[in-house]
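Next come the chains, spelled out residue by residue.
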Amino acid sequence: MDIKEKFMSFIDKQISLNKTPSSTIPGGEFVTSDDFEGRMAVTAQLHRKTSVLKEQILTPEAEQAVIDGIEQVYFEAGDVDISEHELKKFPETIDVNVINGLRSRLRKQQNIVSRRVSDLIMQKQGLCSTEMEQVMELQREVIRMVGLCVEGRRKLAQGRSQFTSASLGILANYSKRQKVASVIRSLRMIRTLQMTDEQLQTLLRAEDYPGAIQLLLECQKAAATFKHFTCISELSTKLQDTLEVAEEQLDQALARVAANFNIRSYEKLQTAYGLLGKTQTLMDQLHMHLTSHIHNSAFTIVLGYVELYNSAAAGGIGVVTGTSSSSTSSSSSSKLQYSELCKYINEESFLPCLLDLSKCMWNVLRSYRNIITWHDNNKQMGGDDVGASGNNGNGEGVASEHYIKQKLEHGLYRIWQDVQAKVRTFTLASDLAHFKFDDFLRILDVMNKLIEVGECFCGSKSETLRESIKQQSINYFRNHHRARMEELRMFLENEGWEACPVKSTFTIHQLMEYRFLKGRDTSLTRITSPTSSPTKAQGGVEKGDVFDKYGQEGSPFDLVTEEAVEEDIMANGEAGSLTDDDDESDEDMPIELKRDYVEEHIGDMPPARPPHASRRLSHSKAPIVTNTTLTILRLIGKYIQMMRLLQPIAFDVMVCLSHLFDYYLYTVFTFFGARGELEQSLSRRLRASLKRIQDTLILTPDASPEEPVDQDKVMCPSLSPVVDITSSESICGLSVRVVAVESLAFLAAQLEALHCHIEPLIPQQRRTFLQQFYTGTIKITPEIRHHVYTAVAAQAIDYDGVLSRMINVKWDINDLMSQHSQYVDILLRQLQVLSMRLEEASQTSPIPEEAYTALWESIVRITNRTLLEGFASARRCTNEGRSLMQLDYQQFLMKLECLTSVRPLPDRHLVETYIKAYYLPEGALEAWVQQSQADYSPRQLTALVATMTHVSKRSRQRIAALIEESGKKS
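It should be emphasised that the depicted structure is a prediction, and the values quoted were computed from it without experimental measurement. (Residues numbered from 1 in each chain as written. Predicted model: local features only at pLDDT ≥ 70, side-chain atom pairs only at ≥ 80, totals over all residues. Heavy atoms only, no water.)

## Side note on the overall build of the chain
Next, step 1: A tally of helices and strands in the chain yields 35 helices and four strands.
Next, step 2: If you take every contact in the chain between residues at least 6 apart in sequence, the share linking residues at least 24 apart comes to 81%.
Next, step 3: As presented, the chain carries roughly 53,500 Å² of accessible surface, and 53% of it is formed by carbon and sulfur atoms. (Helix = DSSP H or I, 4+ residues; strand = E, 2+ residues; numbered from the N terminus. Contact = heavy atoms within 4.5 Å. Areas by Shrake-Rupley, 256 points an atom, 1.4 Å probe, with all protein chains shown as cover.)

## Some words on the pattern of salt bridges
Next, step 1: Scanning all chains against the criterion turns up 31 salt bridges.
Next, step 2: The partner of Arg154 in a salt bridge is Glu151, and the shortest N-O contact between them spans 2.0 Å. With Arg154 and Glu151 both in helix α6 (residues 125-162), this residue pair falls three residues apart, about one helical turn.
Next, step 3: The closest approach of N and O atoms between Glu742 and Arg785, which form a salt bridge, is 2.9 Å. Taken as a pair, Glu742 in helix α25 (residues 734-758) and Arg785 in helix α27 (residues 781-796) lie far apart in primary sequence, 43 residues in all. Each member of the pair, Glu742 as well as Arg785, is classed as buried.
Next, step 4: One network of salt bridges, with partners in common, ties together Glu63, Arg115 and Arg116. (Salt bridge = Lys/Arg side-chain N within 4 Å of Asp/Glu carboxyl O. Buried < 20%, exposed > 50% of the residue type's maximum accessible area, 1.4 Å probe, protein only.)

## Quick look at unusual backbone geometry
Next, step 1: Look at the link from Arg903 to Pro904: it is a cis peptide, with omega at -10°.
Next, step 2: For Pro904, the position within the fold is in the loop between α31 (879-899) and α32 (908-916).
Next, step 3: A positive phi angle is found at Trp497, which is not glycine, with a value near 55°.
Next, step 4: Mapping Trp497 onto the fold places it in the loop between α19 (463-494) and α20 (546-550).
Next, step 5: Notably, Cys732 is not glycine yet its phi reads approximately 60°, a positive angle.
Next, step 6: Topologically, Cys732 is positioned in the loop between β4 (714-715) and α25.
Next, step 7: Classification of Cys732 as buried rests on a relative accessible area of 5%.

## Concerning a nonpolar patch on the surface
Next, step 1: Taken together, the side chains of Leu138, Val142, Val146 and Val150 define a hydrophobic patch exposed on the protein surface, amounting to about 370 Å² of accessible area.
Next, step 2: With respect to the helices and strands, the residue Val146 is situated in helix α6.
Next, step 3: Overall, the relative accessible area of 47% leaves Val146 in the partly exposed class. (Patch = residues over 30% accessible without salt bridge, like charges linked within 9 Å, V, L, I, M, F, W, Y side chains within 5 Å.)

## Focus: a negative patch on the surface
Next, step 1: A contiguous patch of negative charge on the surface is contributed by Glu347, Glu348, Asp438 and Asp439.
Next, step 2: For Asp438, the position within the fold is in helix α18 (residues 437-458).
Next, step 3: When its relative accessible area of 51% is taken as the criterion, Asp438 is described as exposed. (Lys, Arg positive; Asp, Glu negative; His and termini not counted. Charge placed at Lys NZ, Arg CZ, Asp CG, Glu CD.)

## Let's talk about the nonpolar core
Next, step 1: With 215 residues, the main nonpolar core has Phe426, Trp497, Ile636, Leu831, Trp856, Phe871 and Phe892 as its most contacted residues.
Next, step 2: Looking at which element gives the most residues to this core, the answer is helix α23 (residues 650-672), with 17 residues.
Next, step 3: Ignoring any residue separated from it by four or fewer positions in sequence, one finds Leu831 in contact with Ile797, Trp856, Ile859, Phe892, Leu896 and Leu899. (Core = buried A, V, L, I, M, F, W, Y, C linked by side-chain atoms within 4.5 Å.)

## As for the packing of α18 against α19
Next, step 1: Where α18 meets α19, the closest approach of the two axes is 11 Å, and the angle between their N-to-C directions is 165°. Taken together, the axis directions place α18 and α19 in an arrangement best described as roughly antiparallel. Read as a crossing pair, α18 and α19 show a hand that is left-handed. Contact with α18, carried on its side by Phe437, Phe440, Leu444, Met447, Leu450, Ile451 and Glu455, involves Leu465, Arg466, Ser468, Ile469, Gln472, Ser473, Tyr476 and His480 of α19 and no other residues of that element.
Next, step 2: Looking at side-chain class alone, the contact of α18 with α19 contains nine nonpolar, four polar and two charged residues. (Axes fitted to C-alpha atoms, helices over the stretch in contact; angles between N-to-C directions. Parallel < 35°, antiparallel > 145°, perpendicular 65-115°, else oblique. Left-handed = near helix turned anticlockwise from the far one by under 90°. Nonpolar A, V, L, I, M, F, W, Y, C, P; charged D, E, K, R; others polar.)

## Some thoughts on helix α26 (residues 767-776)
Next, step 1: Among all positions of α26, only Leu770, Phe773, Tyr774 and Gly776 are buried.
Next, step 2: Buried residues in α26 make contact with α23, α24 (684-697) and α25.

## A look at the packing of α25 against α27
Next, step 1: Interaxial distance between α25 and α27 falls to 9 Å at its minimum, and their mutual angle equals 170°. Judged by the inter-axis angle, α25 sits roughly antiparallel to α27. Here Leu734, Arg737, Val738, Val741, Glu742, Leu744, Ala745 and Ala748 of α25 lie close against α27, whose contacting residues are Thr781, Ile784, Arg785, Val788, Tyr789, Ala791, Val792 and Gln795.

## Points about the packing of aromatic side chains
Next, step 1: Taken as a whole, this structure holds 24 aromatic pairs when the rule is applied.
Next, step 2: Measuring from ring centre to ring centre gives 3.9 Å for Phe440 and Tyr476, while their planes differ by 15°; the resulting arrangement is stacked. Of this pair, Phe440 sits in helix α18 while Tyr476 sits in helix α19, and the two are 36 residues apart along the sequence. Like Tyr476, Phe440 is buried. (Phe/Tyr/Trp six-rings, centres within 6.5 Å; stacked < 30°, edge-to-face > 60°.)

## Quick notes on the side chain of Glu742
Next, step 1: A relative accessible area of 7% places Glu742 in the buried class.
Next, step 2: A polar atom in the side chain of Glu742 sits 2.9 Å from the side chain of Tyr789. (Polar contact = N/O pair within 3.5 Å; in protein donor to acceptor, adjacent residues only side chain to side chain.)

## Observations concerning the confidence of the model for the chain
Next, step 1: Per-residue confidence for the chain gives a mean pLDDT of 78, with 75% of residues at or over 70.
Next, step 2: Mean pLDDT across the elements of the chain ranges from a minimum in helix α21 (residues 591-594), with 38, to a maximum in α32, with 94.
Next, step 3: Within the model, pLDDT remains below 50 along residues 19-37, and this stretch shows 15 contacts once partners closer than five positions in the same chain are excluded.
Next, step 4: Confidence drops under pLDDT 50 across residues 380-392; counting only partners more than four residues distant or on other chains, this segment forms 15 contacts. (pLDDT = per-residue confidence, 0-100.)

## Regarding helix α33 (residues 922-931)
Next, step 1: Along α33, the positions that sit buried rather than exposed are Leu925, Trp928 and Val929. Looking straight down α33, one finds its buried side chains confined to an arc of 100°; they lie on one side. Across from the buried face of α33, at angles greater than 90 degrees, the exposed residues are Gly923 and Gln931.
Next, step 2: Buried residues along α33 sit in contact with α32, α34 (938-946) and α35 (953-969). (Arc of directions from axis to C-beta.)

## Concerning the environment of Leu87
Next, step 1: Locating Leu87 in the fold gives a position in helix α4 (residues 82-87).
Next, step 2: Given a relative accessible area of 52%, Leu87 falls into the exposed group.
Next, step 3: When the C-alpha positions of Leu87 and Ile99 are compared, they lie 9.5 Å apart, and in sequence the two are 12 residues distant.

## Let's talk about the environment of Arg837
Next, step 1: By the element assignment, Arg837 lies in helix α29 (residues 822-844).
Next, step 2: Judged by its relative accessible area of 27%, Arg837 falls in the partly exposed class.
Next, step 3: Spatially, the C-alpha atom of Arg837 lies 8.9 Å from that of Ser730, the residues being 107 residues apart in sequence.
Next, step 4: If we ignore the near neighbours within four places in the chain, the residues touching Arg837 are Ser728, Glu729, Ser730 and Ile731.

In structure tokens, the structure reads:
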């Protein structure tokens, strides 16, 4: 349609261009150019109208196209100036045709829109009629309502007109009566309010805080109701002052409850603060009082002990000091800071003061735990007491309960930190290095219990307390151990190595220091490492809550009255008594055993020793210990207690404990061990252990003074001059050697038994040292016993004389006699004399079966080695000579088995094999030599091969060269 309009405008414009300036219209009139243009416009307009009328009938698609062509501005609901909008479309050069074209288009759009609207109205005409009917119905209802209103007003006017003045008078009098009654009630309330103060004081004195607060609140509410009275304003002020006084008394009562919890008092306070709407304030004040009580109580306790012991010390000076000096000292002490005041605690008052301080802190912690328990059991009380009126009552109650819970949880750690700080300051202020060991253990016990209380209280690892006690313990224990090592050296230098007469039933459990093995120190606790579990003790035994254990009475720091346990370890004559087997008199002893020397013909031997003879060597079953051994056992018990009480330094204590045994072992070996050539027979493990002890523990006298001295090193002790270990009369000091070695073995056995108690106390990463100590030191005790008794055995028999006699024997004989060699009888006579002397020695000092067996093993071993060396000394030998060797050795074995019960005889197979090797054929000799190089020396093998005449000279030379070459390699 736009194209059509433009086309029509274009035609009109062409017509206007062809017009003349002046023309005549039909009828012969003259018209101007303007008139002509106007008429032309009218004509065009008429023409357009005609065309519009002709085009009114359009298809729906055409109508929709015309509607779509309507600009958006015509659909806007705001104040839009359509005229201005259309005028802006006019060209700069005014053209009527263009304007007419625009107008024609707008009219066409208007006609189509109007027709559409009319069609829509016709479609909705039925609905419009329905709505009109509803409007008419509404009009009728309104008229009826108006009638009802008019009727109601008429009835009201009739009722008003029917009331008389008498009725109104009655109502007026009744109203006056009501007002008078109200005034009377107000007066009575005022009188009651004026009498409230006395009742409030009575309730407060009776500690009925909820009743007092409830009464105060009611009075304040009543005063607010009657505030229009002049007298009530002064009463309100007085009630406010009374309320402040009541709150002060509540605060004082809260301070008492914080120090010593009472469930009834706390419930009253909780209810009273709830009525005031200050439950959260109660929590804040409670924590403030707890903190203040901790600081004040700690200061008061320490100040009391300082003044007590200072006044006691001043009292001993004389009368000159007087009372004024004491009061001056007390006032000056009270002005000191807590940390400075703690420095005035002396050694005598330290432990009692620590106990009182711990008990006081325990009461504070127990009160706080009881408060938490109370809130756990009464969770809803806080929410119910806080403003229950209003819609926000529940929300405020929940918020208050959450605040209380959070405050109590945070207060646990904070209060424990305050307690730790006070105890730590008190502990570090004093030097504990010179305390007695038992007192120091008791101090450790108190500190350990405090740490356990902290773990149960808030799960704290108590690093502050651990570090302080660890620092004090390391300093104390180093000094203590150094002094004990010096004492041990002094004991060893003065030790007579005599058996201490203990009971036959003696065990370390009877010593006071080992009561913990019987559970007699159940009051003692231990400090575990921070990584350990607070709910488990060592050994997996679960620990109960210390607060549940003591409840409302007592504390972990109360001194337990233990039964007086006295050590009963001495035999009281038992050690010297003989057993049933030992009651035989000398009359029953064979005559041969009574003689110092056995006089008999060569080859004759006394009868075999009776079976019970070996038993008389151990006439007491009591363990063999020395006074030094008991001292070391006591020290070990104390050290283990230290390890149990303070596990963080358990490893350091274990190192010092090992020093005790190492020093004793090294001393025993140095005093009584092997000497000279015998030391070459030390095993590699024993030699390494002794070298380690010497390097780490023994202080050499020739050390340079410029070199730093290790504090753990001690001078090697010297054997007491009264101890004789060289006399033949005492069998080279056999009795003292037995006491020394067996006491060492007893000590090692006790440490073995204590292993299960020590190992759990050592940190897992440090248990390698413990294992090395047991395997490298404890386990070598039997070797020490062997070398000590070997030293006795080496000097008890004249082996050199026997060997010289064997060298003089001719082994290249051609005829074998039935008589054995003379050296055998001499050797057996010496062994028999030694056996009798052992029995005589056992009558005065015990020789345990183990010592007897070890001694005879050493004697037999050295004897067999001597015989082997004597047989190897033969330069020439025949088959008959070898048979004589066998005869001699069999005779020796037969008589020896009657002297000793040692079975099997040590090194017997070496001698027998060496003798029989002479008969080996040439083909098997070289293989045997190679296999036996570890059992025999090169000289012995060479001597054996040299005497084998049935082997060719070339073979003997070749085997001798092989032996020599192997000897050089070894």
